[in-house]
Amino acid sequence: MSGLEMRELEAFLVLAEELHFGRAGKRLYVSQSRVSQLLRALEGRIGAPLFERTSRRVRLTPLGESLLADLRPAYEALRATVDDARAAARGIGGVLRIGFQGAVDDHLGQAIALFGSRYPECAWELVEVPLSDPFGPVHRQEVDCAVVLLPVEEDDLVLGPVFSQQPQTLAVSVRHPFAARESVSAEDLAECDLIGVGAPAPAYWQLAQAPSRTPGGRKVPAGPVVNTLQEGLSFAAANRGAMLLCRSTADYHSRRGSLAFIPVEGLPDSLLGLIRLRAHASAQAQAFAQALSEAVG
């Protein structure tokens, strides 16, 4: 293994996630051919193929699967050690501005506490991110990082860690027919007006938060379009529509007597993730990402 380069390991790990040489190259800021070159070098050191490649797909070999399982935690631990050393060398001070959507859940609260104890000279601020502009505050550098609902498909943003995978919840008025149910199915969404999210949220993100069709293909009626979470909850309380929420946000607002929060079966689970700018990630944001990773780990 003499002469092993970290870049070869990074190429392997990213390709194992993407299973596509072009997308892996974009994430690594190198050409597709460079990804192939790095992978061939690693396979040469190991002495066997790590991926099966055809014109239609790329997938890990059994040896590649085994290497991935062993390498990923070791690589993350090494990267965390280097990040901690870099932070110590620079000194983490100033102010960290953390954006959030919906509510500050336990994971985020634990990460803030860990960050504060680790970097006492760095102040931190919490900034609520508008529901209809999940990525804007990070793009405009109004915050250093933000916890937002997935999906995130923006090439200029770093995503991670991803956490809080939970079934989605439907907020409805206590007067709504669904309010007395213990749960509803994804197909039941065709029977209510679903509150949507407005621009400038990307279309793919809007559709993820308020799908236009059920998994079975039934049309979901469109309800009011809102810009903030409070607007959406107010419309739901007034029985003007139903709103999909992640579980942590639903739990935070569960004491509102005018609303009922019903689990939805048959939809993809909701996920939260930390985002930050790829080109301008601050030392504070990188240190907080590590703290959050440990808090959710």
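You'll find the structure just up there.
Worth saying up front: this structure is predicted, and the values here are computed from it rather than measured.

A. Structural detail: the sheet that holds strand β7 (residues 169-173). In space, the 4 strands of this open sheet follow the order β8-β12-β7-β11, with mixed pairing throughout. At either end of the open sheet lies a strand with only one pairing partner, and these are β8 (184-185) and β11 (243-245). Relative to β11, β7 runs antiparallel, the two sharing 3 bridges. If you follow Ala171 over to β11, its bridge partner there is Met243.

B. Focus on helix α5 (residues 106-118). Relative to the 18 Å expected for 13 residues at 1.5 Å per residue, α5 spans 18 Å between its end C-alpha atoms, a close match to the ideal helical length. Buried within α5 we find Leu108, Ala111, Ile112 and Phe115. Buried residues in α5, looked at end-on, bunch into an arc of 100°, giving them a common side. In α5, those exposed residues whose orientation departs by more than 90 degrees from the buried face are Asp106, Ala113 and Ser117. For α5, the elements touching its buried residues are β3 (95-100), β4 (123-128), β5 (145-149) and α10 (283-296). With a side-chain oxygen positioned 3.3 Å from the backbone nitrogen of His107, the residue opening α5 is Asp105.

C. Structural context of the environment of Arg218. Structurally, the position occupied by Arg218 is in the loop between α7 (203-209) and β10 (222-226). Arg218 sits in the partly exposed class, given a relative accessible area of 39%. Along the sequence, Arg218 and Ile92 sit 126 residues apart, while their C-alpha atoms lie 52 Å from each other.

The rules behind each value
Residues numbered from 1 in each chain as written. Predicted model: local features only at pLDDT ≥ 70, side-chain atom pairs only at ≥ 80, totals over all residues. Heavy atoms only, no water. Pairing = 2+ DSSP bridges. Helix = DSSP H or I, 4+ residues; strand = E, 2+ residues; numbered from the N terminus. Expected span 1.5 Å × (residues − 1). Buried < 20%, exposed > 50% of the residue type's maximum accessible area, 1.4 Å probe, protein only. Arc of directions from axis to C-beta. Contact = heavy atoms within 4.5 Å. Polar contact = N/O pair within 3.5 Å; in protein donor to acceptor, adjacent residues only side chain to side chain.

Interpretation in functional terms is not warranted from these geometric data alone.
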